[in-house]
Amino acid sequence: MDNDTTVYSNCSSPANYQQYTWKHTDKLRKTAKSELREDEHLRSQGLAQMREFIAKSPHIKRCRTDALFLLRFLRTKKYSIPQACAMLEKYLTVRQTNPAWFERMDIDDPEIAAVIDGGYIVPLLERDDHGRQVVLSVAGNLDLSRVSSALLARVHFMVQEVLADDEQSQICGYVHCVDERELSMKLMGMWSLVDIKKVADCIQNGLPNRINGFNLIGMPSTAATLLEFCVSLLSDKLRKRINLYRTVDEFAGKINRKILPKEYGGTVPMADMIDQFKERCRRKRTQLLAMDEMYIELSKMPGHCADSCRRDLEAGMIGSFRKLEVD
């Protein structure tokens, strides 16, 4: 497997890439084929074309070019190369234009560690019955005197970044479960309408992940207007993936209960899940901090050079991907 997660400064290096090797189950291979149209030829061609796009784009100055990173975009866009390249540009742009949300994703940062230790957000240890990564967020586990919207956004995006190179999650997707039973006016008031719009734009257009569901548990009636506004910002596809549950029991009845924390009817205490996730963050710490080195020259984005590079690529083999339907 291509494990070189270096952020390259000229984007055409290295001259030779480690050969990607599939090391997963035949079942996952079949899922990738049926849902993403992925096979060895398409994957190899897609990686080569994305690397060519990066190397020929004068505005992309520093970027990861390893397989696991690029496969995030290829799989999210079902191997539509133009759309994968556009999402890569958007990803680099949102990271760079929102440094308070994306820089210094460090589990050793006391503010981040406090949010994680408090149990606000944690990926579950086991996947659901469809092989999807489940992420649980609990509004009531926040100390509102110690957090800001920028910190919460950085924690959410850090969790996503830690999980993003996992190939099963890239293929099968994610489910986000949000326990809103203790959602307060103070927490809602931390988020400006501008920030909510920016977050919605990031989720839909800038972050390469396949979101298969949003499960909202115990949403208070006082949040109805905010929910309506947030939903209005989402695509029809994502709107259809929002599920509302009045109680934890109602929610737990729709999911394999054993994968949930013990506090929600499962077997593993949330504290143990948090400890294992923090260890996973520590293993990724160097890589996460290195991601801050990625750089896109925004002043060149609207120029003819970037458009010309994209037209040159689309005129070749990747043009044949244009008609693929993207989910």
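Structure shown above.
Conventions we followed
Residues numbered from 1 in each chain as written. Predicted model: local features only at pLDDT ≥ 70, side-chain atom pairs only at ≥ 80, totals over all residues. Heavy atoms only, no water. Helix = DSSP H or I, 4+ residues; strand = E, 2+ residues; numbered from the N terminus. Expected span 1.5 Å × (residues − 1). Bend = angle between axes of the 7 residues up to and from the residue. Buried < 20%, exposed > 50% of the residue type's maximum accessible area, 1.4 Å probe, protein only. Contact = heavy atoms within 4.5 Å. Pairing = 2+ DSSP bridges. Axes fitted to C-alpha atoms, helices over the stretch in contact; angles between N-to-C directions. 1 Å grid on protein atoms, 1.4 Å probe; cavity = no way out; pocket = protein on both sides within 12 Å on 5 of 7 lines; lining within 4 Å. Points joined across faces, edges and corners; volume = space filled by probe spheres on them. Nonpolar A, V, L, I, M, F, W, Y, C, P; charged D, E, K, R; others polar. Phe/Tyr/Trp six-rings, centres within 6.5 Å; stacked < 30°, edge-to-face > 60°. Salt bridge = Lys/Arg side-chain N within 4 Å of Asp/Glu carboxyl O. Left-handed = near helix turned anticlockwise from the far one by under 90°.

What about helix H14 (residues 270-290)?
Next, step 1: The end-to-end C-alpha distance of H14 is 29 Å, a good match for the 30 Å that 21 residues give at a rise of 1.5 Å each.
Next, step 2: Lys-284 marks the point of greatest bend in H14, at about 60 degrees.
Next, step 3: Burial in H14 covers these residues: Met-270, Met-273, Ile-274, Phe-277, Lys-278, Cys-281, Lys-284, Gln-287 and Leu-288.
Next, step 4: The inward-facing, buried residues of H14 contact strand S2 (60-64), helix H3 (67-76), helix H6 (110-117), strand S3 (121-123), strand S4 (133-138) and helix H7 (149-163).

Focus: the sheet that holds strand S5 (residues 174-179)
Pairing between sheet strands relies on hydrogen bonds along the backbone, with the strands arranged either parallel or antiparallel.
Next, step 1: What the five strands build is an open sheet, ordered S3-S4-S5-S6-S7; its pairing is mixed. In this open sheet, the two edge strands, each paired with only one partner strand, are S3 and strand S7 (242-245). Averaged over all neighbouring strand pairs, the angle between strand axes comes to 15 degrees, with direction disregarded.
Next, step 2: As judged from the six bridges shared by S5 and strand S6 (residues 211-217), these two strands associate in the parallel manner. Bridge assignment links Val-178 to a residue of S6, and that residue is Leu-216.

Things to note about empty space enclosed by the protein
Next, step 1: For the structure shown, the criterion picks out three cavities of 30 Å³ or more.
Next, step 2: Volume-wise, the largest cavity comes out at about 1100 Å³.
Next, step 3: Lining the largest cavity are 37 residues, with His-156, Val-178, Glu-180, Val-199 and Ile-203 sitting closest to its centre.
Next, step 4: Of all elements in the fold, only S4, H7, S5, helix H9 (185-189), helix H10 (193-206), S6 and helix H11 (224-232) reach the threshold of two or more residues within the lining of the largest cavity.
Next, step 5: A total of six residues in the lining of the largest cavity trace back to one element, the largest contributor, which is H7.
Next, step 6: For the lining of the largest cavity, a count of residues per class yields 31 nonpolar, five polar and one charged.
Next, step 7: If you add up the space inside the second largest cavity, you get close to 70 Å³.
Next, step 8: Along its surface, the second largest cavity is lined by Arg-72, Tyr-91, Phe-102, Met-105, Phe-157, Gln-160, Glu-161, Ala-164, Leu-207 and Pro-208.

Quick look at the packing of aromatic side chains
Next, step 1: Considering all chains together, one arrives at six aromatic pairs under this definition.
Next, step 2: Arranged with centres 5.9 Å apart and planes meeting at 40 degrees, the rings of Trp-101 and Phe-157 form a pair that is tilted. Remark: Phe-157 occurs in helix H7 and Trp-101 occurs in helix H5 (residues 99-102); sequence separation between them is 56 residues. The residues Trp-101 and Phe-157 share a single accessibility class, namely buried.
Next, step 3: With a centroid separation of 4.5 Å and an interplanar angle of 15 degrees, the aromatic rings of Phe-102 and Phe-157 are classed as stacked. With Phe-102 in helix H5 and Phe-157 in helix H7, this residue pair connects regions lying 55 residues apart in the sequence.

Comments concerning the pattern of salt bridges
Next, step 1: Scanning the model with the defined rule gives 28 salt bridges in all.
Next, step 2: Here Asp-39 and Lys-33 are joined by a salt bridge, their closest N and O atoms 3.2 Å apart.
Next, step 3: Here Arg-72 and Glu-161 are joined by a salt bridge, their closest N and O atoms 2.7 Å apart. With Arg-72 in helix H3 and Glu-161 in helix H7, the pair connects residues that are 89 residues apart, well separated along the chain.
Next, step 4: Classification of Glu-161 by relative accessible area gives buried; the value is 5%.
Next, step 5: Each member of the salt-bridge network shares a partner with another, and the members are Arg-64, Asp-66, Arg-72, Arg-95, Glu-161, Asp-165, Lys-284 and Asp-292.

Side note on the packing of helix H4 (residues 81-97) against H10
Next, step 1: At a closest axis distance of 9 Å, the pairing of H4 and H10 adopts a crossing angle of 150 degrees. The two elements H4 and H10 cross, and the hand of that crossing is left-handed. Residues Met-87, Lys-90, Tyr-91 and Val-94 of H4 lie in contact with H10, whose contacting residues are Asp-201, Cys-202, Gln-204, Asn-205 and Gly-206.
Next, step 2: Of the residues assigned to the contact of H4 with H10, the class counts are four nonpolar, three polar and two charged.

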